[in-house]
Amino acid sequence: MFSRFLFRLVLLLIVLYSLAPFLWQVLTSLKPSHEVFSIPPTYWPSQFSLESYQMVFTLRPFARYIGNSMIVASGTALLTVSIAVLASYALSRFRLKGSQSIQKGLLGIALFPPIVLAVPLYEGIRALGLVNHPLALILPYSVLNLPFATWALSGFFLQFPGELEDAAKVDGFSRMGILFRVILPISAPVLATTAILVFIFAWNEFLFALTFMTRDAARTVPVGIAMLSGVTVYEVPWDQISAAVVVTTLPVVVVVILFQRWIVHGLTAGAIKG
Amino acid sequence: MDLLGGGGLVFVGLKNYTGIFKDLRFGKSLFNTAVFTAISVSLEFILGMAIALLLHRTFRGRGLVRAGVLIPWVLPPAIMAMAWGWIYNDTYGVLGDILLRIGLVDNRIAWLGTAPLAMASAIFADVWKATPFVSLVLLAGLQSIPQDLYEALSIDGAGPVKRFTMITLPLLRPYIIVALLFRAIQAFSVFDLIWVLTGGGPGGGTQMVSLYIYDTVFRYLQLGYGAALAITLVVFLFAIASLFLVLFGRSRVEV
């Protein structure tokens, strides 16, 4: 009895520790602005106020940052999954010469430090005239996510029974017809999970977004928040920052809790296949 | 900004590389990154293993607990670095206030004010963020171990410690290698957290290799030298990975 209570207590503490920095931002963001800067800090807001949220949306181009991030992240998810579907179907169905090396080579990319890629990528993007254009982020993000997406999908496609496709072939479906009319409809949950994980990666990325988007109006959320500063250098608007942090992270938290089983599976598969 | 300078390109041989050996700032950032990686990854491994063992038991609400534990790993690193900056803040920060209230300290501490404390703060934030990844991989490994192995050893009268060292650790080895290798490479490439939390300061005390390369190329516009540094970083990572695989053996994980 006691050991079960202790077990529950330890679990509770671990979850609390995992959520603490996020929860503290939530509490901070709901305080009236002046209370955020009180010494010592109050732990529970004396009154709930949406002042910080109002300020970050009216005084800052925060809505713009969110719009930019939405375009970049959904563009990346769409492009990555579209290419990964074709690549992984081919890798799982045809005995291609060197398909093993292709898959291993793809994984190598994922382990490269982002800074090493940022320098030559910046030169390429500048040469193409794409600096400050959403494609400057969508293209490299898609390349970086393809290994993971291809692994996740080809693993799934391999589990399909061959009879299903043979039956479709008898019915006169072409290869592409089988892929789009038979396989993809049943794969919807896996496609969705993969797209969500790719979306989260693109939503979170910082270094490329910092380097390739030089105009304030082109910035994505993480860079926008990191650059939020006050009127003077010494004045950091922590009230507005906390509101911005909550708006940016809350959707991720909700998605992870709703889809936790699939997301855990997708993330683990992505990591372990490496 | 045109990094290539628009003019003609001149072949300089290995000139960019010879400077690296005399570059004290690069040496220091390499040392800082090594310290950061070694301590972070060790702590993440110990904590991650403990959490994985806890979550491997069956209990009600396990899915929710697993989701809660996972959250630090999927939140944006740069944004959560801001959140940690707010916790560490020397005037309004909640960490200083908690320690004051428990009576552990008499004065508020400037967590990011001195090099060793700033390094410790960055490591703490990194451990918070990356432990879920280690637990997730190790948990998948634990679930792959057949239960009857444990039962067989229990019949032989082995206690929990013996079961852990004789079955769990050896069978978990490929998963441990994957988790540690991924984490070591990622920690050695750390950028977002440091850029936002300390900017490499104070006085270069948390300067990391990635930040140094970023500054060299995008602030001081020394593209050639920056590229040489980047290649050096890749060589270092390759050396770390090889050393790792030689030490712990090469084995494949089949899922």
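Note on numbering: residues in each chain are counted from 1, in written sequence order. Labels are handed out in written order, letters beginning with A for the chains and numbers beginning with 1 for the ligands. Whole-chain, interface and lining totals are the exception, using all residues; otherwise, since this is a predicted model, local features are given only for residues with pLDDT of at least 70 and side-chain atom pairs are given and counted only at 80 or more. Each side-chain value is derived from all of the structure's non-hydrogen atoms; neither hydrogens nor water enter the calculation.

> For this particular structure, what's the right way to read the overall build of chain B?
Put simply, DSSP marks the helices as runs of H or I at least four residues long and the strands as runs of E at least two long, and each gets a number from the N terminus on. Each helix and strand in chain B was counted, giving eleven helices and zero strands. Across chain B, helices and strands are ordered from the amino to the carboxyl terminus as α-α-α-α-α-α-α-α-α-α-α. The dimensions of chain B, computed from C-alpha atoms along their principal axes, are 75 × 50 × 30 Å. Burial here depends on accessible area, computed with a 1.4 Å probe over protein chains only, as a share of the maximum for the residue type. Under 20% is buried, over 50% is exposed, and the range in between is partly exposed. Looking at chain B residue by residue over its 255 residues, the buried ones come to 53%. Of all intrachain contacts in chain B linking residues separated by at least 6 positions in sequence, the fraction that spans at least 24 positions is 71%. Accessible surface is estimated by sampling points in the Shrake-Rupley manner with a 1.4 Å probe; for residues, cover comes only from the protein chains shown. Carbon together with sulfur atoms contributes 67% to the accessible area of chain B, which is approximately 12,000 Å² in total. Positive and negative side-chain charges in chain B, numbering 18 and 13 respectively, have mean positions lying 3 Å apart. Note on definitions: a residue-residue contact is assigned when non-hydrogen atoms from the two residues lie within 4.5 Å. Counting rule applied: Lys, Arg positive; Asp, Glu negative; His and chain ends not counted. By convention, charge coordinates are those of NZ in Lys, CZ in Arg, CG in Asp, or CD in Glu.

> Just checking my understanding: could you explain the pattern of salt bridges for this structure?
Two side chains of opposite charge can pair, provided their charged atoms sit close to one another. Residues and elements named next belong to chain B. The salt bridge definition used is simple: a Lys or Arg side-chain nitrogen within 4 Å of an Asp or Glu carboxyl oxygen. One pass over the structure, following the stated rule, counts six salt bridges over all chains. Among the ionic pairs, arginine 219 bridges to aspartate 215, the shortest N-O distance being 3.9 Å. One end of the pair, arginine 219, and the other, aspartate 215, are both in helix α10 (residues 209–219), four residues apart, so they sit about a helical turn from each other. Since its relative accessible area comes to 57%, arginine 219 is described here as exposed. Using a relative accessible area of 12% as the deciding quantity, one classes aspartate 215 as buried.

> What am I meant to see in the nonpolar core here?
Generally speaking, a soluble globular protein has its nonpolar side chains buried in company with each other. Residue types Ala, Val, Leu, Ile, Met, Phe, Trp, Tyr and Cys, when buried and joined through side-chain atoms within 4.5 Å, form a set referred to as a nonpolar core. Residues Phe208(A), Ile225(A) and Phe36(B) are the most contacted members of the largest nonpolar core, which totals 149 residues. Top element by residues in this core is helix α6 (residues 115–143) of chain B. It accounts for 15 residues. Contacts of Phe36(B), omitting those with residues within four sequence positions, involve Met119(B), Ala122(B), Ile123(B), Asp126(B), Ala187(B), Val190(B), Leu193(B), Ile194(B) and Met208(B). Counting residues in each nonpolar core, the second largest holds 16 residues, with Val85(A), Ala168(A), Val182(A) and Leu184(A) among its members.

> Sorry if this is basic, but what is going on with the packing of helix α3 (residues 51–58) of chain A against helix α13 (residues 238–258) of chain A here?
Residue and element names in this part refer to chain A. Geometry is summarised by axes, namely lines fitted to C-alpha atoms with helices restricted to the contacting stretch, and by angles between N-to-C directions that run from 0 to 180 degrees. With their axes 8 Å apart at the nearest point, α3 and α13 run at an angle of 85° to one another. One element, α3, and the other, α13, form an angle in the roughly perpendicular class. Across the interface between the two elements, Ser52, Tyr53, Met55, Val56 and Phe57 of α3 pack against Asp239, Gln240, Ala243, Ala244, Val246 and Val247 of α13. Three residue categories are used. Nonpolar comprises Ala, Val, Leu, Ile, Met, Phe, Trp, Tyr, Cys and Pro, charged comprises Asp, Glu, Lys and Arg, and polar comprises the others, including Gly. Residue composition of the contact of α3 with α13, grouped by class: eight nonpolar, two polar and one charged. Should an angle fall under 35 degrees it is taken as roughly parallel, and over 145 as roughly antiparallel, whereas 65 to 115 is taken as roughly perpendicular and any remaining angle as oblique.

> Can you walk me through the interface of chain A and chain B in this structure?
Each side of the interface is counted separately: chain A has 63 residues, and chain B has 73 residues. Joining two parts hides part of their accessible area as seen by a 1.4 Å probe, and the buried area is that hidden amount summed over both. Across the interface of chain A and chain B, roughly 6,000 Å² is buried in total on both sides, 80% from carbon and sulfur atoms. Seen at the junction of chain A and chain B, the total is zero salt bridges. For the purposes of these results, a polar contact is taken to be a pair of N or O atoms within 3.5 Å, where, inside protein, one atom must be able to donate a hydrogen and its partner to accept one; residues adjacent in sequence count only when each atom of the pair is a side-chain atom. Run the count over chain A and chain B and you get five residue pairs in polar contact (both at pLDDT 80 or more).

> What exactly am I supposed to notice about the side chain of Asn32(B) here?
All names here are of chain B. Along the chain, asparagine 32 turns up in helix α2 (residues 24–56). For asparagine 32, a relative accessible area of 5% corresponds to the buried category. The contact partners of asparagine 32, leaving out residues within four places of it in the chain, are Met119, Gly204, Gly205, Thr206, Gln207 and Met208.

> Could you clarify how one ought to interpret the packing of α13(A) against helix α4 (residues 77–88) of chain B in this entry?
At a closest axis distance of 10 Å, the pairing of α13(A) and α4(B) adopts a crossing angle of 140°. Here α13(A) is positioned oblique relative to α4(B), judged by the angle of their axes. Classified by chirality, the crossing of α4(B) by α13(A) is left-handed. Mapping the contact onto sequence places Trp238(A), Ile241(A), Val245(A), Thr248(A) and Thr249(A) in α13(A) and Ile79(B), Met80(B), Met82(B), Gly85(B) and Trp86(B) in α4(B). Each residue belonging to the contact of α13(A) with α4(B) can be placed in one class, and the counts come to seven nonpolar, three polar and no charged. Handedness of a crossing follows from how the near helix is turned relative to the far one, being left-handed for an anticlockwise turn of less than a right angle and right-handed for a clockwise one.

> What am I meant to see in the packing of aromatic side chains here?
Given two aromatic rings, one states the distance between the centres and the angle between the planes to describe the pair. Aromatic pairs are defined between Phe, Tyr and Trp rings, using the six-membered ring for Trp, whenever the two ring centres lie within 6.5 Å; interplanar angles under 30 degrees are classed as stacked, those over 60 as edge-to-face, and all others as tilted. The full count for this structure, using the stated rule, is 26 aromatic pairs over all chains. With a centroid separation of 5.4 Å and 85° between ring planes, the pair formed by Tyr122(A) and Phe218(B) is classed as edge-to-face. Here Tyr122(A) is found in helix α6 (residues 114–127), whereas its partner Phe218(B) is found in helix α10 on a different chain. An aromatic cluster is defined as three or more aromatic residues linked by ring pairs; in this entry it consists of Tyr122(A), Tyr141(A), Phe201(A), Phe206(A), Phe208(A), Phe212(A), Phe191(B), Trp195(B), Tyr214(B) and Phe218(B). Sitting above the plane of the Phe7(A) ring, Arg57(B) keeps its charged end 4.1 Å from the centroid. Note on criteria: charge over ring means Lys NZ or Arg CZ within 6 Å of the ring centre, with the direction from the centre no more than 35 degrees off the ring normal.

> Teacher, can you tell me more about a nonpolar patch on the surface here?
Within the patch definition used here, like charges are joined within 9 Å and nonpolar side chains (Val, Leu, Ile, Met, Phe, Trp, Tyr) within 5 Å, considering only residues with over 30% relative accessible area and no salt bridge. Together, Phe2(A), Phe5(A), Leu6(A), Leu9(A), Val10(A), Leu12(A), Leu13(A), Leu16(A) and Leu23(A) line one region of the surface with nonpolar side chains, adding up to about 860 Å² of accessible area. Among the structural elements, Val10(A) can be located in helix α1 (residues 2–29).

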